[in-house]
Structures are given as C-alpha cells and as structure tokens.
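# Residue-level structural notes
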Amino acid sequence: EEEGDAGGCGADGADGADGADAGGTAGVEPSIPPGSLATFTVTVGATVPTGFEHTAAEEVKEKIGVDVRIGKDRGRIYFDISTDKLFQVHLLRSVDNLFVVVDAYQHYQFKESKEETLAELMQLAAKLPWANALEVWRLNNSLKKRRGRRRGPNGGAKRGKAKSAANRAEIAEEREPEQQPAETQAAGEGRARDESVAETEAVAEAMESSSLSSEEVEASEPKLIKFRVTCNRAGDKHSFSSNEAARDFGGAVQDFFQWKADMTKFDIEVLLNIHNEEVVVGVALTEESLHRRNITHFGPTTLRSTLCYGMLRLCNPQPSDVILDPMCGTGALPLEGAIEFNSAFYVAGDNNDMAINRTVHNVGHILKKREEGDGAPGLPIDSVQWDVCRLPVRTSSVDIIVTDMPFGKRMGSRKKNWDLYPSCLREMARVCRPGSGTAVLLTQDKKCFSKAVSRMGGLWRKQHTVWVNVGGLHAGVYLLRRTAGTFGETPEDIYEAPGNCHVKEETELS
C-alpha cells in the first residue's frame, strides 16, 4: 500500500515544471572541475522491486563489496561507492533505477503551513552540496557515451575494415584459452562470469577515458542544460502535493543554476524523494528503468526483469540444474536465468502459441545482441508449447520450477483458478525431484493458492513468502520445497485424478 501511494505520488510529481519555467533564461553546465582525476566517495541510491530489498543488498555486497542501507521507503536501498568504481553499479541486475544522493535528511521538520514549507524547500535548493553529485552525473554520462561508441548504434560495433580485423584478432587472442578442448566444460559453466568480467573491463576502460571526454567538453562551447524535477512523496501528514513540491523546488533549482526546464528532452533529472519525515535529494543516473533490458516482444502481463532476477536468486540455481517455467508467457523468467545463471538449463513452456512466439523472438533478440557485441554464443534455454497440467516431462526430472501464475485479472479468472491451481501444483510435484526440488511461484490470488497448497500437503511444503508489488497489486512470491513423498502415493491423490485438468485457457503470464 505504501509503495502504491508513493508510486502514484511520483507520477503526480513528475510534472513539476510549472514553477521551473519561471526562471527565464537557459543556463550552462555548472562550473565544477571537469574530468577530475581525484576520486571521492558518494552515496548511490537504487530503486528495487518492493519485497526484494534484501536480495538487492546481497547482490551489491557480492558484486561491489560494500554494505547497504535499506531505505525507510519500501523499494529503495543506499550504499557508498568511490567514483573510480562507479561503473560497477551498472552491472547490478536487481535494481530498476539508480541515482546519486546530493543530500539526505532523516528527520526533516516540515512547517505547518503549505506556503512556509514550499518556501523552505525553495531555499534548500541553494544550500545543497551539488558539486560531487554533478561530477558523478558528468562521469556517468561520459561512461554511457563511451559504451555507446564502443558498441555502435545497433548494439554491435560498426568498425572500419582495418580496425575490425585488428579487433577480431585481439578477441581471438583473448578467447583462445576458452577454445581449448580441455577447458570447454569450465568455460561453459563460467560463461556468465566471463561475460561479466568482460563487461566490467569494457566499462572500466570507458571510465578511465572519461577525463578525455570532459576535456573535450571543456574545450567546446558551454552546453545548455535542460532539466526536470521529479517528486516522489509518501505520507499523509504533508500539507503539500508532490506536484507543488516539484514545481517550487524546480523553480529554485532553475534560479540557482540558470538551467532550462524541459519535461521530456531533459539532460538531467533532479529527484526529490519525500517519505514521511525523510527527504532525499538526488540526481538520476539512469534514463529509463533497467527492468526492460531483455524483452522486446511484450505480452499483457510481462514481468519486469528485475523482479525475475529476485525470484531466481530466491531459488538459488546450481550448475547442471534443470529449471522449468511451465507458464512462461514472454519468457522473461527463464531468459533472465539463462543470461545470469547460465550454468543451469531452462525450459520455457506455455499453452498459448502467441506466448511461445514472443518467447522465441525475445530469445532471438538476446542472441542477436550477443553476436553483434562479440558475446558468448548461444543460451541454455529451449521453448515448447504444452498443457501445464499434462507436461511432456519425465517424473522427478526437474530441479527447480519458477513461474508467474495467472492472477485471474488480466489473464484467466479467479473462478477458473480454483480448478487450475490444484491441478498444476500436482503436475509440478510430479516432475519435480522428491526431497530436493524447489518451486518459486508468483501469484496475487493468495486465498486460492493457499487452499491449493494445503491440499498438496504430502507433496509441497511452504517455506517462505516475499510480498511484492506487481503493477500496483499486492502479490506473493512463494518458496515451496518438494517433500520426499512418492508421487501417486500421497493423500491428495484422492482429490486429484492423474492428469485431470479441464482448464485450458491462455495462461500468457510473464
């Protein structure tokens, strides 16, 4: 509920241009030391799928090696990082958006009247320590430009003939050890790590050369800066709306920097996050949410890639695991797994031919990007059309099942879920390994799911639940463990006949 309120206020506050237009003249980049070689530490904030804050914190600790603070407002985390390691934040898979913190106030004392509060926010704009945050924004822009030039306009690198030959020779030399027969298996199992290292090196190279970009900018004409202020507000004790805060704070920012307000074609986005008494001012480091990274062919209920990553970390894939998504929709879950946890093998299935077609196209898109970018060829994933209640899969042959079940809103119905859930849970229990198998299932139809699991008492045990926000809906990610009970000899077989499923609807889910 808090997340939905905050998200709604954020949408309201995104148009805080009314006051920002009041400043008049357009400005230039602030006079801060461009391309400074000195490193300094800043606080980076990230928005993550609500409920998976601890999962994101684990990933940051694992990949960057720093401690994480979970924000008071659900769906936000904060961590300190030095500017020479800034590129590492773009390797995170669990975050939606990134921003650098200008300043934060844990117990901001708002005035009683709206006018006094807004006047104080306007005064705050001129008092904030902007310099470090804006230098990080400049470095981040240089990083994105360098990566864009390296990859070319279509993701792959459009190189000249001589340059192309030299690069191919370099790549062949670098990858020669991986192509030796004795190391083929190790290379396959560690492909995700190798690609991550390669990307890290490429991004680090871009960061090292960022000072050159800054010098080029300094030598050229001063660039006119366009900006907008986005306010995300949560709390019922504020005398002002997010629109009003963004409008007045934006006007003060414009007066201070002499920037030009532009709601759509902006260079810099200033964030004003207000959660009860907590106020955080930041500068955005991402232009659009990172959750759209894998999917080009969307369905009606496509899952965000960041949420998929959180669900996959919850089931903890191991090398050689067989992982099944029996209601894959657009393939978001197995595709994220095949990219990030690619020492396992993924099977994506759905009973709807349009869903399978979208999955095939999304997998093909990633394969094409890898070919253009000199990435490792192939993905450990396959897709098939099937009935979720009659899977063409051998009994006790699957290690992990991870899927987005129909909520009964956009797809299917609540009434049909009462037949579908018990039947598909039973079929999942049949194919899953007794004693060690795991299922991570997402659904918003909590009552129906809990009843279905209780009828599967001899086959599944519910171990953990993560409550998440999915498009404004309060849903649960359920971690189930397969018991050691032998399929076909448990009490629930009295209720469910083998393969009994009369519900054949379009379960195009993720």
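Here we summarise the structure given alongside this text. Note that the structure is predicted; figures quoted are calculated from it, not measured.

### Regarding the pattern of salt bridges
- Summed over the entire model, instances satisfying the criterion amount to 19 salt bridges.
- Taking the shortest distance from any N to any O, the salt bridge between Glu336 and Arg293 comes out at 3.0 Å. Here Glu336, found in helix α11 (residues 332-340), pairs with Arg293, found in the loop between β8 (278-284) and α10 (305-315); they are 43 residues apart in sequence, far enough to count as distant. This pair shows no difference in class: Glu336 is buried, exactly as Arg293 is.
- For Arg433, the salt bridge is made with Asp399, and the minimal N-O distance between the two is 2.7 Å. Residue Arg433 is found in the loop between α13 (414-431) and β13 (438-443), and its partner Asp399 is found in the loop between β11 (381-385) and β12 (400-404); the two are separated by 34 residues along the sequence.
- With relative accessibility at 30%, the residue Arg433 sits in the partly exposed group.
- Taken together, the shared-partner salt bridges in this structure form one network comprising Glu59, Lys63, Arg93, Arg293, Glu336 and Glu340.

### Some remarks on the side chain of His238
- Tracing the backbone shows His238 in the loop between β5 (226-234) and α9 (242-257).
- Of the polar contacts made by the side chain of His238, one reaches the side chain of Arg233; its length is 3.4 Å.

### What to know about the pairing of β13
- In terms of burial, β13 is largely enclosed, as 6 of its 6 residues are buried.
- Here β12 runs beside β13; their pairing, made up of 5 bridges, is parallel. Each bridged residue has a counterpart across the sheet, and for Asp404 the counterpart in β13 is Leu442.
- Where β13 and strand β15 (residues 473-482) come together, 6 bridges link them in antiparallel fashion. Bridged to Leu442 within β15 is Val477.

Procedures and definitions
- Residues numbered from 1 in each chain as written.
- Predicted model: local features only at pLDDT ≥ 70, side-chain atom pairs only at ≥ 80, totals over all residues.
- Heavy atoms only, no water.
- Salt bridge = Lys/Arg side-chain N within 4 Å of Asp/Glu carboxyl O.
- Helix = DSSP H or I, 4+ residues; strand = E, 2+ residues; numbered from the N terminus.
- Buried < 20%, exposed > 50% of the residue type's maximum accessible area, 1.4 Å probe, protein only.
- Polar contact = N/O pair within 3.5 Å; in protein donor to acceptor, adjacent residues only side chain to side chain.
- Pairing = 2+ DSSP bridges.

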